[in-house]
Each structure stands twice: as C-alpha cells, then as structure tokens.
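Observations on chain architecture
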There are 2 protein chains.
Amino acid sequence: MSEKKIPYKIYLEEQEMPTAWYNLRADMKNKPAPLLNPGTHQPMTAEELGGVFCEELVKQELDNDTAYFDIPEDIRNFYKMYRPSPLVRAYCLEEKLKTPAKIYYKFEGNNTSGSHKLNSAIAQAYYAKKQGLKGVTTETGAGQWGTALSMACSYLGLDCKVYMVKCSYEQKPFRREVMRTYGASVTPSPSMETEVGKKILAEHPGTTGSLGCAISEAVEKAVTNEGYRYVLGSVLNQVLLHQSVIGLETKTAFDKYDIKPDVIIGCAGGGSNLGGLIAPFMGEKLRGEADYRFIAVEPASCPSLTRGTYAYDFCDTGMVCPLAKMYTLGSDFIPSANHAGGLRYHGMSSILSQLYDDGLMEAVSVKQTDVFEAAEYFARVEGILPAPESSHAIRAAIDEAVKCRETGEAKTILFGLTGTGYFDMVAYEKFHDGQMDDYIPTDEDLAKYREMLPKID
Amino acid sequence: MSEKKIPYKIYLEEQEMPTAWYNLRADMKNKPAPLLNPGTHQPMTAEELGGVFCEELVKQELDNDTAYFDIPEDIRNFYKMYRPSPLVRAYCLEEKLKTPAKIYYKFEGNNTSGSHKLNSAIAQAYYAKKQGLKGVTTETGAGQWGTALSMACSYLGLDCKVYMVKCSYEQKPFRREVMRTYGASVTPSPSMETEVGKKILAEHPGTTGSLGCAISEAVEKAVTNEGYRYVLGSVLNQVLLHQSVIGLETKTAFDKYDIKPDVIIGCAGGGSNLGGLIAPFMGEKLRGEADYRFIAVEPASCPSLTRGTYAYDFCDTGMVCPLAKMYTLGSDFIPSANHAGGLRYHGMSSILSQLYDDGLMEAVSVKQTDVFEAAEYFARVEGILPAPESSHAIRAAIDEAVKCRETGEAKTILFGLTGTGYFDMVAYEKFHDGQMDDYIPTDEDLAKYREMLPKID
C-alpha cells in the first residue's frame, strides 16, 4: 500500500476492537518478582491479597501464565463510548521537523478523564461491582486517575472515595470539581480520617502530602470498611493487563496498513501507559517474532529506571502495602515541589522493571523545561495541548525524529500521547513566565533514600 | 439495515469528508436581510466590508446564491487533524431514560479549542493569510472562540489579538493561558488600548465588560492597524457557511446507515453551531425534499429568539459595526452576572432569525439550573463532561426523549454537542454548592432595551 493512502487518523471499526487483554507476563522468560508480605517477606497469597483487592483482580495480578483474558461485554460496551482511540499520523509535526521519520501517536486523551487511566478504572470498578462491593478507595496525584475512577464508579453505581495529594487538591480545584460531578468524595491527603494519616500529620505537621502517603490512607480505608476494596491506577500487573488495550488497538491499526514501527516510546511514571502500549509488540520481541526498540521516558527529577535501584521496596509511605520488587528511588523519595510534570511515583511497575533489567527496553530521563518546550511545540503544530506527563514522550519522539533528519533514516516512530493538559495550565503558565526550572536530585540525595530500602533476602 | 448494527460512534473515512461548504442561503426563498451601514442605513458594499473583513470572506458574507463553496485543500488538511467528529449513538442515555427514542449527538469537543469554533477559525485565518495580512483581531467571551482562533493563527503563523471580556479574563485564567500557549496576545476588555474602550471605561468605570464591548474594541483595533482584519466566531453568514461542515458530516454519516432524524436540536447563542448543524437538513426542507423539526435552545436569561424583537440592531456596544437585522434583545442588553452558561449575545444570526420568522424553526428557552442538571446527568451517563452552552441542547433533547417515553414514539433525535466543559468548572462548582439560581429578565427589563433599538426604515 502506498504511503499516500495512510489517513491522518486511523480508527478501528467496532468489530476490530480487542475482545481480550494481553498478559505480557505469559511470554516473559524472567517473570516479574512476586509481591511480598511486608511482615513475613513471603509471597503474598491470593487470600492475603483478597483483603485489599477484588477476587478477579487478584487472579489477574497473580497469573503469570495466561496470555489472554477475555474483556467482559459490559467493559467492552463502556470502551465503545470513548474507544477506539485514534492512531494519528503526525504529518504536520514531520513536516515542521523536516524529518524523513514517520511519526505516529496513539492518542488516549479523547475522554473526560483526559487520559488512558479510564481503561483500567472501568475494569477495576466492574469487578468490584460484580463482587457485590459497595465501593472502592484510591489515591490520586495530578487527578487523572481519580477522575477516571469517579467516572467508572458513577457509571456502575459504586461509591468512590478518593484521597488526593493535598498540594494537588489545593492547586487543582477543578480536577476535584470534575470528580464531584461524577459523585466521588474527595479528601485531601494526609487527612485525619485514617490512623496512618494522623500519624503522618503528627510527624510532619506542614506536609502537603505525597502519592505514597495517599496510597496508605486509601488502603487503610478499604481494609477497615466492610464492602470496600482498594484500587490503584498504575504499577500493578493487573493495570498493565487492562492497559494492553492501547497496544492491541495500535497493533491492529498498524497491521491494517502493513506498518511496522522501529521505535516505540512512552512516558513512564508507574508504568501503566508504557506497559500497555508496548505489550503486544514486546510480546513479539519476547517470542522472537519481531524486534523493536522500546524507550521509557521519565522525568530527570524522579528517575526511577535511570538512577534507581532494582530491589524490593515499600509501595507506600505508611508501609501498609505489600513489598514490590522494582526499580525504585526509595519509598520516602518525593520529587521537588517545583516538579510540575507528573510521573512522581518513586518506583516502577515490576513487569517493566524486569524487562528493563533484562535489557529488553531502554530508558532516558528528560528535564522538565525541555518537556514543556516540546509540549508547546507539539500543541502549536499538531493542535493538541498535551498533558505534562505525555509530553515526556513527545520530547523523546522529537529527539529521535531529529536524529533521523541528521542520519537521513526514514524510521517509523510510535509514541503514546496519554492525555491532555487542560487541567495543567498552572504549569504551562509557570513555563511561559520563565518560573520553571530543572530540579535534578544529587547523587547524595538518592543515596540517602537508597540506604533506607528494606533489607530482603 | 437492522438497528443492532449501528455502532456507538460513526466516523467518516477521510474520503467521505465534505469537500465544499453548503450555503443555506442559496435555498432560502426569503433571504436574510443585508447588513446596513450604520451611518447611511444603506446595504454595506463589498468595498465597505473589505475594510473590516478579508476579501474572500466578504464574498462569502454577501453571496446569497452560490450553494457550495469549495473548501481549500489547506483547510481540509487542517480539518483532518481533528475531524471528522464522531456522530454518537447515545445508547447509554436512551437506556437510562427508558425511552424508545433513538438519540444521536454530533460531538465537536474533541479538539483543544474544546468546541466547534475551530471549524470557522481556521477558515477565517486561512483567508487572512492568503490575502497577505499580518494578523487578525477578535473578541472572546467564555474563551472558546479565542482559543480556536489562537490555534488557527499559530498554525498559519498569523498574529492574533484577542479582546477577552474582563470578567471572563479574571475568572478563567486557564483559558487565557491556553491562548498564550498558542502565542496569542490577550487583553481584558474594556481596555485603554482603544478609543472605544477608553470611552466605555469613562462612562462605566467599574464595568466587567461584555461581548458587545469587546467586539467594538477588536473592530477598532483591526481598522486602525495596517495589515489587520477583524474576525468573528458567530452570527455572520460566513461563519454559518464554514460551520455547515458539522451538518454535512452528520448527514453523510446518517445516510450511510439510512437514518433520518425527526428532530434536530442545537443550542443557540449567535447561531454558529445550530446554523451549521441544521444546514443540509434545512436545505432539504426548503427544497421540499424532506421535513424535519428544528429546535433552537437558548438560555432563559438571554432569550433573543423567544422574547426578542425582529429588527435592525447594532452588533456591538460601541456601534462601530454594521447594523444587522436579527432577533435581538437590544445591543445594551447583558444577561445577569449570575448567568454561567454562555450564549450571552444579545442578537441572533440573520439567517436563523429569518428562518425562525418564516416558521421553519422552533425555539425554546431553558433555565440554567435545569441546564446544569442535564449536564451532570449526561456526564455521568455518557461519560462526556459537556460545556454549559452545549448542555442547553442536552436539556431539550432529554425533554424530547422523555416525551417519547410518554407517547411511546420511537423518534430519532439528533442534537449538537458543541463542546466540553473542562474550563467551566467554576460554574459546575456553583451548581454543586447550590449557589446557582435562575435569573430571568422581566418584561420591563426587556422593554427598556427594546425602546433603545435604532429606528430603521
């Protein structure tokens, strides 16, 4: 098929949409390390996890062998309201960059949550509903995950309790208001509603909170309330499973036009978007059927893959969660308050950590002013105002395309555009006003937290 | 074709997208009344209009006979970045309402401007660029039009000067920041930058501005600066022409599935969205080929069609613009500050005014608390957080669907969902907090402004 015929946006037909999620772990030789009980340091059993997560989600979390999980019809119908998401050929960006590269992005921002988070939110809410639960609890930082979960719970008639990192709660009243529109209750974290919140407030009276702290509160709320479970928007195996819908749609769309990407780029905080985007492509690589370069892009201010340690660590500040083996900066690490670009989690998905450790994936870190420069450039050229998180991938994709201009290679570059930045205008304003700078933790900073990692084995 | 096969969203293929705009006026027996020179009360000539608008746009403005205008290739390529917009079957809404009605909406919010305004912004910017101009000036109220124009100008490398109604400028700093991201200069109106602004400020020192006042400033800036022209996001014939792309795509999508809507509903402020949505359907009605019900929905606080006068009036507060014959509340009418829902313009497109006066279209007005109730309901059921403006149409569509439930009629209802409400969370917050009430102007209020209408003929 001649290149001319590739449309600006490739949409799948409804009947081409995935009917099963793909479980990358089934094709991994080195499986991701299991979650450990923080008391015994033994692998968490299904029974133990069942106190925190829904039964079906526990199964998905622990299953390293089943390659495909059917997507229940109710979830597929919900997906139809905002999916398939478009796979966009960035013709305008290519022209502006004068690059021979062909650039594609999978755009997940065309839904009210503003990001890919809805893909897993509806799945987790569905299984909670199916189990007859009253509601779910969660944490949210920038607010994308909390919004997505609110939407899913509202749709299914589930109660939704969100602990929102206090500084975000105060800086992003509109995000909070969207969640309220969907009927969620939103509490700034740390709060006096939980024991762990009270303890953190007693130790750090002026704290503006962190993701790790909000996770602790949400987990406590779930395990101490009858009929509630905790849900999480990233990091976990189950989340990457649900997010495989991104990669599966992308691959189907590419296959229709006989396109094979050379490089696949995604931003990486906890890893949900990147893990979902690369899933079917990485599967081919693992099975030896095809080869691709994969690049995880993380902020220089929170560089878990590029400067972290591959070790067991706590997932939360209050240490109420299981231990996970991951590339981590230490569970007490919090990026500078100046950091505006999301992707603030101290650790990285166990699946992605293992793939990275096995040399199957690359990682780069980028400075936030470079990220916002790319964001603004992209907005003007491609018309979409990107989320700061997504803009990490834009930065790396532009850098790769510029390399192609220099070498003359007509590579095919795919990146994940995870969402829109409509609720991030304070960060854009800082950038425009020249009030944004680049905080990068020193080696000494990182060493301090590394020494605090739990000793396992 | 059985109903089961209709997907949740109908997307056209690129080759199915319209290649020409449809000019409804060509099929109108009673043509819309011409713009008049405010001094001589004679119809504005092309030459006179050429001082304010670009040449090509003047031609489009004055042409009541040519049925189709080719869409230039550059504009079609820009459209491909965010169009076709989806025609959505509201399966979830139908189920929730337990109505036999089939509800469809054409969703124009999947672009960074957040609304349909981009369809005309790129056209107007394109012709300005083609004419070799340096830039354009405009006004914006809620900010959708200003954002759209900023995006179009940024894409084409045109200077963009936006006068933003002062109260919006202060209440919506994020809208302003999006425009800045696209390189526009944004000035709160009234300002000291223009003579008319100075005059208004001298007469009303504490004023927070109005659309009519911002229009006056933008026009003055255009006509007093070499290489600039004024552009407008609604009301004008040319704008309705460009917006016909909405209706044309909708009709093509319906035709693919042999669907014929019974009722077509759109919100109406200046009329750009409604005029564009109904264009090809109204054309069929005018030519006697088919019949449809058309319903314009306006706010009870700014009821130009339902309670206004069909007369020549000023388009702006400073009276620097031509006179237009339209349903109007008087150019000094400003809806209550409590009114949150957009659609604040005192008059209505001359085309729609004529169609309404000829009995070809109905109009209803709705109260804003009813509008926000519908907005929240829709958000929860269909997943999209709608703009307050768009929610006027949602309200009316829900009301029609409920009537169908009562009568048992399986009518097909189409409405225009013009945009998203991500920058309107202050209004949603008011609604949630019970701080929103329903201002409706009294007959005495309206009579006062009616008496101030200019005497023409």
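Residues numbered from 1 in each chain as written. Chains lettered and ligands numbered in written order. Predicted model: local features only at pLDDT ≥ 70, side-chain atom pairs only at ≥ 80, totals over all residues. Heavy atoms only, no water.

The next subject is the sheet that holds strand β7 (residues 159-165) of chain A. Residue and element names in this part refer to chain A. Taken together, the four strands give an open sheet; going across it, the order is β8-β7-β6-β9, and neighbouring strands pair in parallel fashion. Strand pairing shows two members of the sheet lacking a second neighbour, β8 (185-189) and β9 (228-230), which therefore form its edges. With strand direction ignored, the average angle separating the axes of adjacent strands in the sheet is 25°. Sheet analysis places strand β6 (residues 135-140) next to β7, joined by six bridges and oriented parallel. Residue V136 lies in a different strand from β7, and its bridge partner there is C160. Set on the sheet, helix α10 (residues 211-223) makes contact with β6, β7, β8 and β9; between it and β6 the angle comes to about 170°. (Pairing = 2+ DSSP bridges. Helix = DSSP H or I, 4+ residues; strand = E, 2+ residues; numbered from the N terminus. Axes fitted to C-alpha atoms, helices over the stretch in contact; angles between N-to-C directions. Contact = heavy atoms within 4.5 Å.)

Here we come to the pairing of strand β15 (residues 412-417) of chain B. All names here are of chain B. For β15, the tally of buried residues reaches six of six residues, placing the bulk of the element in the interior. Neither face of β15 is open: one carries T412, L414 and G416, the other I413, F415 and L417, and all of them are buried. Alignment of strand β5 (residues 102-107) against β15, held across six bridges, turns out to be parallel. Bridge pairing links K106 to G416 in β15. Where strand β10 (residues 263-267) and β15 come together, three bridges link them in parallel fashion. Bridge pairing links I265 to F415 in β15. (Buried < 20%, exposed > 50% of the residue type's maximum accessible area, 1.4 Å probe, protein only.)

The next subject is the environment of A279 of chain A. Residues and elements named next belong to chain A. By secondary structure assignment, the location of A279 is in helix α12 (residues 272-286). Note on A279: relative accessible area 1%, which makes it buried. Along the sequence, A279 and V245 sit 34 residues apart, while their C-alpha atoms lie 8.9 Å from each other. Ignoring anything within four residues of it in the chain, the contact list for A279 reads Y22, L24 and S244.

Our next topic: unusual backbone geometry. Residues and elements named next belong to chain A. Across the junction of R83 and P84, the peptide omega takes the value -5°, indicating a cis bond. Among the structural elements, P84 can be located in the loop between α3 (73-82) and β4 (87-89). Following S189, the chain continues into P190 via a peptide bond in cis, with omega recorded as 5°. Residue position: P190 is located in the loop between β8 and α9 (195-203).

All names here are of chain B. Between its terminal C-alpha atoms helix α15 (residues 368-382) stretches 20 Å, which fits the 21 Å expected from 15 residues at 1.5 Å a residue. Burial analysis of α15 places eleven of its 15 residues in the buried class, the great majority of the element. When we look at burial in α15, the residues that qualify are Q368, T369, V371, F372, A374, A375, E376, F378, A379, V381 and E382. Looking at the residues trailing α15, positive phi occurs at G383, about 85°. (Expected span 1.5 Å × (residues − 1).)

This part is about the interface of chain B and chain A. Tallying the contact residues gives 43 residues for chain B and 43 residues for chain A. Carbon and sulfur atoms make up 55% of the surface buried where chain B meets chain A, a total of about 4000 Å² over both sides. Where chain B packs against chain A, one counts four salt bridges. E429 of chain A is paired through a salt bridge with R176 of chain B; the nearest N and O atoms lie 3.5 Å apart. At the boundary of chain B with chain A, the tally comes to 23 residue pairs in polar contact (both at pLDDT 80 or more). (Buried area = accessible area lost by both parts, 1.4 Å probe. Salt bridge = Lys/Arg side-chain N within 4 Å of Asp/Glu carboxyl O. Polar contact = N/O pair within 3.5 Å; in protein donor to acceptor, adjacent residues only side chain to side chain.)

In this section: the pairing of β7 of chain A. Residues and elements named next belong to chain A. Counting buried positions over the seven residues of β7 gives six, a clear majority of the element. Judged from the five bridges that link them, β7 and β8 form a sheet pairing that is parallel. Each residue of the ladder has a partner; that of Y163, found in β8, is T187.

With that settled, consider the sheet that holds strand β9 (residues 228-230) of chain B. All names here are of chain B. Read from one edge of the open sheet, four strands run β8-β7-β6-β9, paired in parallel fashion. Single-partner strands in this sheet number two, and they are β8 (185-189) and β9. Within this sheet the neighbouring strands show an average axis-to-axis angle of 25°, counted without direction. Together, β6 (135-140) and β7 (159-165) form the strand contacts of helix α6 (residues 144-156), whose direction differs from that of β6 by roughly 165°.

Turning next to the pattern of salt bridges. All names here are of chain B. Taken as a whole and assessed by the stated rule, the structure comprises 52 salt bridges over all chains. The salt bridge involving D443 is made with R307; its shortest N-O contact spans 2.8 Å. One end of the pair, D443, is in helix α18 (residues 443-450); the other, R307, is in helix α13 (residues 304-307), and 136 residues separate them in sequence. For D443, a relative accessible area of 54% corresponds to the exposed category. Put simply, R380 and E376 hold a salt bridge, and the shortest N to O gap is 3.4 Å. Taken together, the residues R380 and E376, both in helix α15 and four residues apart, mark about one turn of the helix. Overall, R380 belongs to the partly exposed group, its relative accessible area being 31%.

A few words now on the packing of helix α15 (residues 368-382) of chain A against helix α16 (residues 388-407) of chain A. For any two helices packed against each other, the geometry is given by the interaxial angle and the distance between the axes. All names here are of chain A. Viewed as axis vectors pointing N to C, α15 and α16 meet at an angle of 85°, and their least axial separation amounts to 8 Å. Taken as axis vectors, α15 and α16 run roughly perpendicular relative to one another. Of α16, the residues touching α15 (which contributes D370, V371, F372, E373, A374, A375, Y377 and F378) are P388, S391, H392, I394, R395 and I398. Residues of the contact of α15 with α16, tallied by class, amount to nine nonpolar, two polar and three charged. (Parallel < 35°, antiparallel > 145°, perpendicular 65-115°, else oblique. Nonpolar A, V, L, I, M, F, W, Y, C, P; charged D, E, K, R; others polar.)

What follows concerns the confidence of the model for chain A. Averaged over chain A, the pLDDT score is 95; the fraction of residues at 70 or greater is 99%. Prediction confidence for the complex, expressed as pTM and ipTM, is 0.96 and 0.94 respectively. (pLDDT = per-residue confidence, 0-100.)

The extent of an interface is frequently quoted as the accessible surface area lost upon association of the parts. All names here are of chain A. For chain A, the assigned domains are domain 1 (3-17 + 76-114 + 240-450) and domain 2 (21-70 + 117-237). Computed over C-alpha atoms, the centres of domain 1 and domain 2 are 22 Å apart. Facing 53 residues of domain 1, the contacting portion of domain 2 comprises 53 residues. Buried surface at the junction of domain 1 and domain 2, both sides included, amounts to about 4600 Å², of which 66% is carbon and sulfur. Broken down residue by residue, the surface that domain 1 buries against domain 2 is led by L241, H242 and F423, which jointly contribute 17%. Applying the counting criterion to the domain 1 and domain 2 interface returns two salt bridges. Contributions of two or more residues to the side of domain 1 that touches domain 2 are made by α3, α11 (237-256), α12, β12 (309-314), β13 (323-328) and α14 (350-357). The biggest single contributor to the side of domain 1 that touches domain 2 is α11, with eight residues. (Domains from an automatic or database assignment.)

Moving on to the relation of the copies chain B and chain A. Overlay of chain B on chain A (RMSD 0.0 Å): rotation 180°, translation along the axis 0.0 Å. A rotation of that kind, with that shift, is consistent with a two-fold axis. The rotation axis passes nearest to the C-alpha of N110 of chain B in chain B, at a distance of 3.0 Å. (Least-squares fit on C-alpha atoms with pLDDT ≥ 70 in both.)

What follows deals with the packing of helix α2 (residues 55-62) of chain B against helix α11 (residues 237-256) of chain B. All names here are of chain B. Orientation of α2 relative to α11, taken along the N-to-C sense of each, is 90°, at an axis distance of 7 Å. When the interaxial angle is binned, α2 and α11 end up roughly perpendicular. Where α2 approaches α11, its residues L57, Q60 and E61 are matched on the opposing element by N237, Q238, L241 and H242. By residue class, the composition of the contact of α2 with α11 is two nonpolar, four polar and one charged.

Turning our attention to the packing of aromatic side chains. Residues and elements named next belong to chain B. In this structure the tally under the stated criterion is 41 aromatic pairs over all chains. Between F333 and Y449, the ring centres sit 5.7 Å apart and the planes meet at 90°, which makes this aromatic pair edge-to-face. Residue F333 is found in the loop between β13 (323-328) and α14 (350-357), and its partner Y449 is found in helix α18; the two are separated by 116 residues along the sequence. Assessed through its relative accessible area of 18%, Y449 is described here as buried. Across from the ring centre of Y163, 5.4 Å away, lies the NZ or CZ of K161, which sits over that ring. Sitting over the ring of Y292, K260 keeps its end group 4.6 Å from the ring centre. (Phe/Tyr/Trp six-rings, centres within 6.5 Å; stacked < 30°, edge-to-face > 60°. Lys NZ or Arg CZ within 6 Å of the ring centre and 35° of its normal.)

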